[in-house]
Amino acid sequence: MSFPWAKEYTPQVPFMKWMDARLPLPRLVYNAVGAGYPVPRNLNYFWNFGFMALACLMIQIITGVILAMHYASNAGVAFDSVEHIMRDVNWGWLMRYAHANGASAFFVVVYIHIFRGFYYGSYKAPREMVWLLGVVIFLLMMATGFLGYVLPWGQMSFWGAKVITGLFGAIPLVGEPLQIWLLGGFSPDNAALNRFFSLHYLLPFVIIGVVVLHIWALHIPGSSNPTGVEVKSESDTVPFFPYFIAKDGWTLGAFLLILSVMIFFAPNMLGHPDNYIEANPMSTPAHIVPEWYFWPFYAILRAFTVDFFFIPAKLMGVVAMFGSILIWFFLPWLDKSPVRSASYRPLHRKFFYVLLVAMALLFYLGGAPAEEPYVVMSQIASLYYFAHFLIILPIVSAIERPDPLPFSITEAVLGKDENAKLGTGA
Amino acid sequence: MARILSILVGLFFVVALAWSLLVGLLNFELPHSVEQEFYEHPKEVHFASDGAFGKFDRQQLQRGFQVYKEVCSACHSLRLVAFRDLAALGYNEAEVKAIAAGFQVPGIDPNTGEATTRPGLATDYFPKPYANDVAAGAANNNAIPPDLSLMAKARHDGAAYVYSLLTGYQNPPADLPEAYRPGTGLHYNPYFPNLNLAMAPPLVEGQVEFGDGSPSTVEQMSKDISAFLVWTAEPTLEKRKQTGWPVLGFLLFATILGFLSFRNIWADKKKNKG
């Protein structure tokens, strides 16, 4: 679009000429996903997850709209209406399992997408806006995922809602009234379930809106690439169509294959058995755990066990939990290194791998019971998490001596050296 | 400036976490509970419906249904299952109607409008043994017998858990502390998380006479009822697994085609040709 070598759309047939002059929809498609969008030729398979995430969003919306036709958001019948979908609605079990596992798949894909961004410095100028919008999408996804998990009105739905809305209660002064206002009562009940359903239906469409902005902002500077070297000439790129449509297409097939194995053969693997017990405010489950995709942040929340001077441990945990995602907003200004890709940043790369380990640990610990040795481990992992983004990253980017960069993408791909590193799939 | 600010914020979180960590390490104590020490994980047990090619063993489901009808239904409801669903167990229409008619379900007297009971119809759901939770609790030493419809999905290792529980009653071990020994109305069972279960051993040898001549051992009955509960928890399980294979086959085919066309399209961009 904005590249000097982005191809201008020239309508060939009369109808397209007529159309382009009135509503340039063909032009938009051509420059968004067509031959008019040049993409760096050296993208590796980590660049396929954005397209997959979009496919996930579509799967969620289509299955979700169908589920909503049969679901009843009334605390008295919500649980039974889900079982009605499972038992009596034609292919209802498929819709529900696709929706539940699709949510997990969406998060897997988006986590990989985000960590791709961390490693390759996708958040750096001139793509800060792409990154910021991406973090907004992630926050909206988390909200949507949380709201959706409450809808089946099982034990984990109810108690998860109670714990998460209880976090707002930790805010000084306004906390408790705020919590009651959010829930429409003192505890999750019919009022909460109804508004959660309403918002769960609304937010995906808000996500679509932000996704449009995310892709729009991406198309201004164009995609980043594994070398982090900007596109210098047309030979550095290939047109999105047919090259990346073909690449995204076959990886989408592979992704759907894995998702289908889960849907058809292990649909409850990532769920919690307690959610097949109807919500009961009088009976607390032994271990209340949120969905797996919240575990790292849940682990951070629970890592704060002791009051910090005048700040209660719970408030500290809540601030840290939200803060742990909000610091991603500042990433473009925390990491000031002019080199984007960690492939050319030896020191940064080492810390990135430590972050991966800490994150994997937090994933594991968030699902573990709140007892030793898990608590101490989550304190160590959380400590590294914050140190990584707020202390290590700014210092490393100041003192590091990066490896020499290739002159251009074309050189990186083709090189003169027979052993030149070849981007996967290029 | 931004760098200094960020490091200060970072230090705030790091110090707060280090403080929690220090206190945690000073008071470090691995959790230990008697329940965990004596608790046993569910036994290994296999059902025809297990695995990617799993299919229900209808004969076994019918036996399991018989166990439910003659034993469990005295206390446990099965509220999500309708009599019509039993057709999936291999019963014909007349048999389903006869089974339904054998149950009394809540109804309304057509003349007076008063609440009464009537023989069940195929469209009715299994009636509940107790009018409400209070009645259920009162009749069972305040332990409300849970609904069994989803039991095989509502516990870790669902069916194996049910099977282990039913076959797991035993005398408490000699070294079990006094406080954890079963009190009045409780029964020791190491497969139950808190070791003591309000439900008395429900199955005894020879309790049910199976039509197909299967031995009515506790082992056999437990296995059959567990298999039946796998079905009640997800009657569509078999269809799900059967649908999965053609879906995977199609996707595999489409993915291979997609991969080949990807290779073809990118052929001119290979090294030294671009």
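A. Spotlight on the overall build of chain A. Counting secondary structure elements, chain A contains 16 helices and two strands. Rg of the C-alpha trace for chain A: 24 Å, near the compact-globule value of 22 Å for 426 residues, within the 12% margin. Each principal axis of the C-alpha atoms in chain A carries an extent, and together these give about 70 × 60 × 40 Å. Within chain A, the proportion of its 426 residues that are buried is 48%. For chain A, the share of sequence-separated contacts (at least 6 apart) that also reach a separation of at least 24 residues comes to 77%.

B. Quick peek at the overall build of chain B. On a plain count of helices and strands, chain B comes out with eight helices and four strands. Ordering the α and β elements of chain B from the N terminus gives α-α-α-α-β-β-α-α-β-β-α-α. At 28 Å, chain B has a C-alpha radius of gyration far larger than the 19 Å of a compact globule built from 274 residues. Among the 274 residues that make up chain B, the fraction classed as buried is 28%. Put simply, 63% of the contacts in chain B that link residues at least 6 apart link residues at least 24 apart.

C. Region of the structure containing the nonpolar core. All names here are of chain A. Ranked by internal contacts, the top residues of the largest apolar core, which has 100 residues, are F106, V109 and I300. The leading source of residues in this core is helix 15 (residues 374-399), at 14 residues. Once you skip the residues sitting within four places of it in the chain, V109 turns out to touch F49, M52, A53 and C56.

D. Layout of the interface of chain A and chain B. Contacts between the two partners involve 50 residues from chain A and, on the opposite side, 52 residues from chain B. Among the elements that make up the side of chain A that touches chain B, the one with the highest residue count is helix 10 (residues 240-265) of chain A (14 residues). Classifying every residue of the side of chain A that touches chain B by side-chain character gives 37 nonpolar, seven polar and six charged.

E. Inspection of the environment of V33(A) at higher detail. All names here are of chain A. Along the chain, V33 turns up in helix 2 (residues 25-33). In sequence terms V33 and F265 are 232 residues apart; their C-alpha atoms lie 34 Å from each other. Each residue touching V33, except ones within four places of it in the same chain, is listed here: F240, F241 and I245.

F. Expanded view of the pairing of strand 1 (residues 104-108) of chain B. Residues and elements named next belong to chain B. Note that strand 1 and strand 2 (residues 115-119) share five bridges and pair antiparallel. Residue pairing in the sheet places I108 in a bridge with A115 of strand 2. Taking the residues that link successive antiparallel strands as the turn, the strand 1-strand 2 hairpin has six residues, and the phi of G113 there is positive, at about 80°.

G. Just unusual backbone geometry, in detail. Between F241(A) and the following residue, P242(A), the backbone shows a cis peptide bond with an omega angle of 5°. Relative to the assigned elements, P242(A) resides in helix 10. Omega for the bond connecting E372(A) with P373(A) falls within 30 degrees of zero, at 5°, which places this linkage in the cis form. With respect to the helices and strands, the residue P373(A) is situated in the loop between helix 14 (346-367) and helix 15. Positive phi, normally seen in glycine, also occurs at L173(A), with a value near 65°. At L195(B), a residue that is not glycine, the phi angle is positive and equals roughly 75°.

H. Main features of helix 14 of chain A. Residue and element names in this part refer to chain A. For helix 14, with 22 residues, the first-to-last C-alpha span of 33 Å sits near the 32 Å given by 1.5 Å per residue. Those residues of helix 14 that sit buried are H348, L355, A358, L361, L362, L365 and G366. Down the axis of helix 14, the sector holding all buried residues measures 135°, keeping them to one side. Pointing more than 90 degrees away from the buried face of helix 14 are the exposed residues P346, K350, Y353, V357 and A360. Turning to helix 14, the residues buried within the fold contact helix 11 (295-303) and helix 15.

I. Quick peek at the domain arrangement of chain A. All names here are of chain A. Structurally, chain A comprises domain 1 (1-36) and domain 2 (37-414). Distance from the C-alpha centre of domain 1 to the C-alpha centre of domain 2: 34 Å. In this assembly, eleven residues from domain 1 lie in contact with ten residues from domain 2. Its residues placed into classes, the side of domain 1 that touches domain 2 shows seven nonpolar, four polar and no charged.

J. Focus on the environment of F241(A). All names here are of chain A. Within the secondary structure, F241 sits in helix 10. Residues F241 and G34 lie 207 residues apart in sequence; the distance between their C-alpha atoms is 4.7 Å. Here F241 is in contact with V33, G34 and A35, once residues within four sequence places are set aside.

The rules behind these values
Residues numbered from 1 in each chain as written. Chains lettered and ligands numbered in written order. Predicted model: local features only at pLDDT ≥ 70, side-chain atom pairs only at ≥ 80, totals over all residues. Helix = DSSP H or I, 4+ residues; strand = E, 2+ residues; numbered from the N terminus. Rg over C-alpha atoms; globule rule 2.2 N^0.38 Å. Buried ≥ 20, exposed ≤ 12 C-beta atoms within 10 Å, placed from the backbone. Contact = placed C-beta atoms within 7 Å. Core = buried A, V, L, I, M, F, W, Y, C linked by C-beta atoms within 7 Å. Nonpolar A, V, L, I, M, F, W, Y, C, P; charged D, E, K, R; others polar. Pairing = 2+ DSSP bridges. Expected span 1.5 Å × (residues − 1). Arc of directions from axis to C-beta. Domains from an automatic or database assignment.

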